[in-house]
Amino acid sequence: MEPVTHFLFGAAISRAGLNRKTALATATLTLAAEAADLDVLSRFGGSAFGLNHHRGFTHSFLGIPLVAAVVVGFIYLLWRLRGRKTRNPNLPPRWGLLFAYACLAGLSHILLDFTNNYGVRPFWPFSERWISWDIVFIVEPVLLIILTLGLILPALFSLINEEIGARSKGPGAKPAGRLAAILALLAVFAYWGLRDYEHRRAVTALQSRSYQGVDAIRVSAYPYWVNPFRWYGVAETPAFFATMDVDSPAPEVDRDAQMQIHYKPEETPITLAAKKTYLGRVYLSWAQYPVTETEQLVNDPAGPGLANDGPISSGRAAYVVRFRDLRYEYPGRNARVTLGAMVFLTRDLQVVDERFGMRSASTNIR
């Protein structure tokens, strides 16, 4: 998920009652719920290196304790710099418990990322297999609204009560913030339950039909945001992939007859060489429905004389092999822009450059 949902989920866990056990619980849980995304620093090693290490060690069960230790160490440093002061002097920090909280928040991060269709590798390094639930879009406004309301409504009601002079319920009453946070978390799980049910219906609908008279080898349904009844379906047959929209409550798939067929490209020495590169291996281990496109570039003397493509024409690259993952080719979107990959090769199939998530093949080829 995007960072805001992680932060809000960690804060909601704290407000649900854990912040009453130790000082600094809210800060620890909120930061630890997002800390796994520190792996974005791997992008400094290049786009291919970043792809290989994104949602890797920091998103694994083995990495959770180490990430939690970093978060608790950071919180401890801030606590010392503040003169060992907390908001409630009668509630001191319990560092062992805060470490356990940070581990819990780390688990919540893996769970949230597991719900979308990018996937996680929680058993790294023992298994490099990507797994995903495919039920929630990576940016889900419904979850953002639920968690935000669960955190801010109690404060708003408290202000209203102060304005109208409402009587306090007494020291023994349960804090409204705790109840609201619990209800928000329950609503999140209920929403996941609804989406899981509709996801299963969409997958079943995809499995129950043939594609141009051929049964599918495998099918998948991927979420749209907000609408839990609309899904993007991908079906693989021996010769091609079929992509279409699915309305999970409807008995038929592709009611608008807008199915797209993507024939599997022929394997050539060029595509094989691209797939054996570092980026090719990483991309294919992550992609669920990969396809390739090969283009011969203008700087190849034996090429077909394509139009000049800027800096490429003065470089050594003779071919570019583009990788795409059909699970991201939603109607109206261009998967190459964000989650495609490119490998540039010379005529003798030596690697010139490797890129993940680049917008164009026409820059900085040397």
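Residues numbered from 1 in each chain as written. Predicted model: local features only at pLDDT ≥ 70, side-chain atom pairs only at ≥ 80, totals over all residues. Heavy atoms only, no water.

### Let's talk about the sheet that holds strand β2 (residues 230-236)
One open sheet holds the four strands; their spatial order is β1-β2-β3-β4, and the pairing between them is antiparallel. A single partner strand is all that each edge strand has here, and the edge strands are β1 (218-223) and β4 (260-263). Direction aside, the axes of adjacent strands within the sheet are offset by 20° on average. (Pairing = 2+ DSSP bridges. Helix = DSSP H or I, 4+ residues; strand = E, 2+ residues; numbered from the N terminus. Axes fitted to C-alpha atoms, helices over the stretch in contact; angles between N-to-C directions.)

### Remarks on the packing of aromatic side chains
In total, this model carries 22 aromatic pairs according to the counting rule given. Considering the side-chain rings of Tyr222 and Tyr232, the 6.4 Å spacing of their centres and the 35° angle between planes classify their relative orientation as tilted. Residue Tyr222 is found in strand β1, and its partner Tyr232 is found in strand β2; the two are separated by 10 residues along the sequence. For Tyr222, a relative accessible area of 0% corresponds to the buried category. With centroids separated by 5.1 Å and ring planes inclined at 85°, the aromatic side chains of Tyr224 and Tyr330 adopt a geometry described as edge-to-face. Of this pair, Tyr224 sits in the loop between β1 and β2 while Tyr330 is found in the loop between β6 (319-325) and α10 (335-339), placing the two residues 106 residues apart along the sequence. (Phe/Tyr/Trp six-rings, centres within 6.5 Å; stacked < 30°, edge-to-face > 60°. Buried < 20%, exposed > 50% of the residue type's maximum accessible area, 1.4 Å probe, protein only.)

### Structural notes on empty space enclosed by the protein
Tallied over the entire structure, the rule returns one cavity of 30 Å³ or more. Empty space within the largest cavity amounts to approximately 70 Å³. Taken together, Ala32, Ala36, Thr58, Gly63, Ile64, Val67, Ala68, Ala102, Gly106 and Ile110 make up the lining of the largest cavity. Secondary-structure elements contributing two or more residues to the lining of the largest cavity are α4 (64-81) and α5 (95-115). (1 Å grid on protein atoms, 1.4 Å probe; cavity = no way out; pocket = protein on both sides within 12 Å on 5 of 7 lines; lining within 4 Å. Points joined across faces, edges and corners; volume = space filled by probe spheres on them.)

### Some details on the packing of helix α2 (residues 25-32) against α4
α4 packs onto α2 with a crossing angle of 140° between their chain directions and a minimal axis gap of 10 Å. Here α2 lies oblique to α4, going by the angle between them. Note that α2 runs across α4; the crossing there is right-handed. Listed contacts from α4 to Ala27, Thr28, Leu31 and Ala32 of α2 are Val71, Val72, Phe74 and Ile75. The class makeup of the residues in the contact of α2 with α4 is seven nonpolar, one polar and no charged. (Parallel < 35°, antiparallel > 145°, perpendicular 65-115°, else oblique. Left-handed = near helix turned anticlockwise from the far one by under 90°. Contact = heavy atoms within 4.5 Å. Nonpolar A, V, L, I, M, F, W, Y, C, P; charged D, E, K, R; others polar.)

### A look at the confidence of the model for the protein chain
A low pLDDT means the predicted coordinates there should not be read in detail. The predicted model of the protein chain has a mean per-residue pLDDT of 88, with 86% of residues at 70 or higher. By mean pLDDT, α10 is the weakest element of the protein chain at 62, and α5 is the strongest at 98. Low pLDDT, under 50, characterises residues 301-314; the predicted model gives this stretch 25 contacts beyond four residues in sequence or across chains. Across residues 360-366, where pLDDT falls below 50, the model places 24 contacts with residues more than four positions away in sequence or in other chains. (pLDDT = per-residue confidence, 0-100.)

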